Amino acid sequence: AQRVTQPEKLLSVFKGAPVELKCNYSYSGSPELFWYVQYSRQRLQLLLRHISRESIKGFTADLNKGETSFHLKKPFAQEEDSAMYYCALTFGNKLVFGAGTILRVKS
Amino acid sequence: GAGVSQTPSNKVTEKGKYVELRCDPISGHTALYWYRQSLGQGPEFLIYFQGTGAADDSGLPNDRFFAVRPEGSVSTLKIQRTERGDSAVYLCASRSLGTSGRYEDTQYFGPGTRLTVL
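Residues numbered from 1 in each chain as written. Chains lettered and ligands numbered in written order. Predicted model: local features only at pLDDT ≥ 70, side-chain atom pairs only at ≥ 80, totals over all residues. Heavy atoms only, no water.

Asks: Requested: an account of the confidence of the model for chain A, with residues and values cited.
Replies: Per-residue pLDDT for chain A averages 93, and the proportion of residues at 70 or more is 100%. Within chain A, strand 11 (residues 101-106) of chain A carries the highest mean pLDDT (98), whereas strand 6 (residues 45-49) of chain A carries the lowest (93). (pLDDT = per-residue confidence, 0-100. Helix = DSSP H or I, 4+ residues; strand = E, 2+ residues; numbered from the N terminus.)

See the structure below:
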């Protein structure tokens, strides 16, 4: 079955520290993976997708098929990065989401 | 332009009642999705429309849930005989058909409707 696992419910780091939000998936085909973010009082929005190999707001994520992982990384966290982050994969035409990780960046 | 909108933003109802939740997708977006997000969980897929027809309704939990999109734009999610376990945030998303004839991979989400069943 298609599944996305985010093992950490909460990740708390100090401003300027590196961040890594973990995501593991199970999927039998070639996955399309995404990170979505929800800032306080805002709607869910796309942060980045693996297929475009882009860096958004300093965040990057590399698809590792051997480890079935798609961890989100940022070298230096900023306070405005505090939000809920969801990893998701496309199955058919729908998204399958993980449970999410709250990132808190402390000053 | 305007994003996906959902009404109402909050709905409180009593067990056993019928509710309708509305979604206005981004103009011109052919695909429309409904997801349900329970407390502490990520969004879970309910149903997907391509135009007016439900292309995939495999996520609807039971026959109390039904959704329509009669003109290929606005969609309504209908829940009959609500139960306390239906309490959740119901999210709508839409996406467009690109010029290549394939769907663009970004789904645009609405703000959600928070349903509380007492």
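Asks: Can you lay out the sheet that holds strand 8 (residues 75-79) of chain B for me, pointing to particular residues and giving the numbers?
Replies: Residue and element names in this part refer to chain B. One open sheet holds the four strands; their spatial order is 1-3-8-7, and the pairing between them is antiparallel. The sheet terminates laterally at strand 1 (5-7) and strand 7 (65-68), the two strands that pair on one side only. Strand-to-strand twist across the sheet, computed as the mean angle between neighbouring axes with direction ignored, equals 15°. Of the pairings in the sheet, the one linking strand 3 (residues 19-24) to strand 8 comprises five bridges and is antiparallel in character. Paired with Leu 21 across the strands is Leu 77, a residue of strand 8. (Pairing = 2+ DSSP bridges. Axes fitted to C-alpha atoms, helices over the stretch in contact; angles between N-to-C directions.)

Asks: Please set out the interface of chain A and chain B residue by residue, giving values where relevant.
Replies: Contacts between the two partners involve 16 residues from chain A and, on the opposite side, 22 residues from chain B. Carbon and sulfur atoms supply 47% of the area that chain A and chain B bury against each other, a total of about 1,500 Å² over both sides. Contact with chain B buries area across many residues of chain A, yet Arg 43, Asn 93 and Lys 94 of chain A alone supply 39% of it, more than any other trio. The tally of links between chain A and chain B comes to one salt bridge. Between Lys 94 of chain A and Asp 56 of chain B there is a salt bridge, with the nearest N and O atoms lying 3.0 Å from each other. At the boundary of chain A with chain B, the tally comes to ten residue pairs in polar contact (both at pLDDT 80 or more). Those elements giving two or more residues to the side of chain A that touches chain B turn out to be strand 5 (33-38), strand 6 and strand 10 (94-97) of chain A. In terms of residue count, the dominant contributor to the side of chain A that touches chain B is strand 10 of chain A (three residues). Tallied by class, residues from the side of chain A that touches chain B come to nine nonpolar, two polar and five charged. (Contact = heavy atoms within 4.5 Å. Buried area = accessible area lost by both parts, 1.4 Å probe. Salt bridge = Lys/Arg side-chain N within 4 Å of Asp/Glu carboxyl O. Polar contact = N/O pair within 3.5 Å; in protein donor to acceptor, adjacent residues only side chain to side chain. Nonpolar A, V, L, I, M, F, W, Y, C, P; charged D, E, K, R; others polar.)

Asks: So what's going on with the state of the cysteines? Which residues, and what values?
Replies: Residues and elements named next belong to chain A. According to the stated counting rule, one finds two disulfides over all chains in the structure shown. Covalent S-S linkage joins Cys 23 and Cys 87, the inter-sulfur distance amounting to 2.0 Å. Between Cys 23 and Cys 87 the sulfur-sulfur dihedral comes to about -65°; the bridge is accordingly left-handed. Residue Cys 23 is found in the loop between strand 3 (19-21) and strand 4 (24-26), and its partner Cys 87 is found in strand 9 (residues 83-91); the two are separated by 64 residues along the sequence. For Cys 23, a relative accessible area of 0% translates into the label buried. (Disulfide = S-S within 2.5 Å. Buried < 20%, exposed > 50% of the residue type's maximum accessible area, 1.4 Å probe, protein only.)

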